[in-house]
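Here are the chains, one letter per residue:
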Amino acid sequence: MSTADKDYGEKRDFIRMTLNAEALIHLADQTPLLTAQCTDLSATGISLVASQPLAKGTEVGVTIESPNEQFRSLDARARVLRCDARDDQSYQLGLEILSLR
């Protein structure tokens, strides 16, 4: 069962970390698609603000570089669960983490 199939309470059982980090969204073949701002991260999902919309169900790669050499960068395969237009002409993306690389 994916996190999309779980009820709201279950989705919030994971610790969420507020971030302000640049993220690179890319296609499966590593072709860069766009940059976004990561605003929230949990064990199962990523929240991003992007300048372009992504269709629900799209599978992408997400890379967030670590600012510290002691910690690995985040490199995940994820699926778009939601894409909401914001007032400032940007889009709030909710992604489900499918796997970490």
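Structural data are supplied above this passage.
Please read all numbers here as calculations on a predicted model, not as lab measurements.

A. Molecular detail of the pattern of salt bridges. If you walk through the whole model with that rule in mind, you get five salt bridges. Here Glu 59 and Arg 79 are joined by a salt bridge, their closest N and O atoms 3.4 Å apart. Here Glu 59, found in strand E4 (residues 59–64), pairs with Arg 79, found in strand E5 (residues 74–85); they are 20 residues apart in sequence, far enough to count as distant. Judged by its relative accessible area of 39%, Glu 59 is partly exposed. A salt bridge links Arg 82 to Asp 84; the shortest N-O distance between them is 3.3 Å. By relative accessible area, which is 35% here, Arg 82 ends up partly exposed. In this structure Asp 84 comes out as partly exposed when scored by relative accessible area, which is 38%. Each of the salt bridges in this network shares a partner with another, and the network as a whole consists of Glu 59, Arg 77, Arg 79 and Glu 96.

B. Representation of the nonpolar core. In terms of nonpolar packing, the biggest core is built from 20 residues, with Ile 25, Ile 46, Leu 48, Leu 54, Val 62, Leu 93 and Leu 95 touching the most fellow members. Where this core is concerned, the elements lending two or more residues are strand E1 (17–26), strand E2 (32–41), strand E3 (45–50), E4, E5 and strand E6 (91–100). The biggest single contributor to this core is E2, with four residues. Other than its neighbours up to four places away in sequence, Ile 46 contacts Cys 38, Asp 40, Leu 41, Val 62, Leu 74, Leu 93, Gly 94, Leu 95 and Ile 97.

Parameters and conventions
Residues numbered from 1 in each chain as written. Predicted model: local features only at pLDDT ≥ 70, side-chain atom pairs only at ≥ 80, totals over all residues. Heavy atoms only, no water. Salt bridge = Lys/Arg side-chain N within 4 Å of Asp/Glu carboxyl O. Helix = DSSP H or I, 4+ residues; strand = E, 2+ residues; numbered from the N terminus. Buried < 20%, exposed > 50% of the residue type's maximum accessible area, 1.4 Å probe, protein only. Core = buried A, V, L, I, M, F, W, Y, C linked by side-chain atoms within 4.5 Å. Contact = heavy atoms within 4.5 Å.

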